Amino acid sequence: VLNMLNARYFKAGDARNAVIVNDQALGNAWLVGKVQPVSNADEAIAALGTADLANTAILNTADFSLDKNSFSQQGSIQLSDYLPNALAYQVDVPAESFAVFSEIYYPLGWQAYIDDVLVEHVRVNYLLRGLEIPAGQHTIRFEFKPRSYEVGSSVSLASSIVLVVFMLLSIGYTIRQALRK
């Protein structure tokens, strides 16, 4: 489980630089050949202890579904750009594939795009993101665009415009009153 979370280093005592390097970490994203369906969250957690997570993704079918469970594991996927609210990956796969991303699945605002086309992503391995990828070379992006932020930005902009207009009208009124006297 720590490998799927991309835990590369472990503190190993109180001494300075006492670190154990984990060479088994799966990286930012990896391709799996099999998606193992389970019927609830308890089964998903139990499967994490027995499945080969480098080659298999665990999918809770009570929440998500896929048309197939077997995919090509050939090809490559690499993180190409990282920001706290946007991630980009370069993918080159010869056949339809399935990728697991070492990022927490959070549906409220995170959106997935393949070549700038919005696509659905799923929760796999109880807490990570998973995505079906068509054959070919692609750019995959995850962007955090919560609706609440968009609404808040619109309200803030409208409020700022109203405030500026009110201030300009007040200044104009004050100048006009001063000129009348």
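Summary of the structure given here. Given the structure is predicted, the values throughout are model-derived calculations rather than measurements. (Residues numbered from 1 in each chain as written. Predicted model: local features only at pLDDT ≥ 70, side-chain atom pairs only at ≥ 80, totals over all residues. Heavy atoms only, no water.)

1. What to know about the packing of aromatic side chains
Part 1: Here the structure, examined in full by the defined rule, presents seven aromatic pairs.
Part 2: For the ring pair phenylalanine 64 and tyrosine 105, a centre distance of 5.5 Å and an interplane angle of 85° mean the geometry is edge-to-face. Placement of phenylalanine 64 in the loop between strand S5 (56-60) and strand S6 (76-83) and of tyrosine 105 in the loop between strand S8 (97-104) and strand S9 (110-114) is noted, with a sequence separation of 41 residues between them.
Part 3: Judged by centre distance (5.5 Å) and plane angle (40°), the rings of phenylalanine 71 and phenylalanine 98 are tilted. In this pair, phenylalanine 71 is assigned in the loop between S5 and S6 and phenylalanine 98 in strand S8, connecting sequence segments 27 residues apart. In this pair, the class of phenylalanine 71 matches that of phenylalanine 98, namely buried. (Phe/Tyr/Trp six-rings, centres within 6.5 Å; stacked < 30°, edge-to-face > 60°. Helix = DSSP H or I, 4+ residues; strand = E, 2+ residues; numbered from the N terminus. Buried < 20%, exposed > 50% of the residue type's maximum accessible area, 1.4 Å probe, protein only.)

2. Concerning unusual backbone geometry
Part 1: Residues other than glycine seldom take positive phi values, yet aspartate 115 does so here, at roughly 50°.
Part 2: By the secondary structure assignment, aspartate 115 is in the loop between S9 and strand S10 (117-119).
Part 3: Exposure remark for aspartate 115: the relative accessible area of 37% places this residue in the partly exposed category.
Part 4: Despite not being glycine, aspartate 116 has its phi angle at roughly 65°, a positive value.
Part 5: With respect to the element layout, aspartate 116 can be found in the loop between S9 and S10.
Part 6: Among the residues examined, aspartate 116 registers a relative accessible area of 60% and is labelled exposed.

3. Here we look at helix H1 (residues 41-48)
Part 1: Among the residues making up H1, those that are buried are Ala44, Ala47 and Leu48. Looking straight down H1, one finds its buried side chains confined to an arc of 105°; they lie on one side. Facing away from the buried side of H1 by over 90 degrees, the exposed positions are Asp42 and Ala46.
Part 2: Looking at the buried side of H1, the elements it contacts are strand S4 (34-38) and S5.
Part 3: Among the residues of H1, the N-terminal cap falls to asparagine 40, whose side-chain oxygen and the backbone nitrogen of aspartate 42 are separated by 3.1 Å. (Arc of directions from axis to C-beta. Contact = heavy atoms within 4.5 Å. Polar contact = N/O pair within 3.5 Å; in protein donor to acceptor, adjacent residues only side chain to side chain.)

4. With respect to the pattern of salt bridges
Part 1: On inspection of all chains with the given rule, the structure shows five salt bridges.
Part 2: The shortest N-O distance in the salt bridge between glutamate 143 and arginine 141 comes to 2.0 Å.
Part 3: Looking at glutamate 143, the relative accessible area reads 17%, which means it is buried.
Part 4: Ionic contacts of the salt-bridge type, sharing partners, join the residues Asp116, Arg141, Glu143 and Lys145 into one network. (Salt bridge = Lys/Arg side-chain N within 4 Å of Asp/Glu carboxyl O.)

By themselves, these observations are geometric and do not establish any function.
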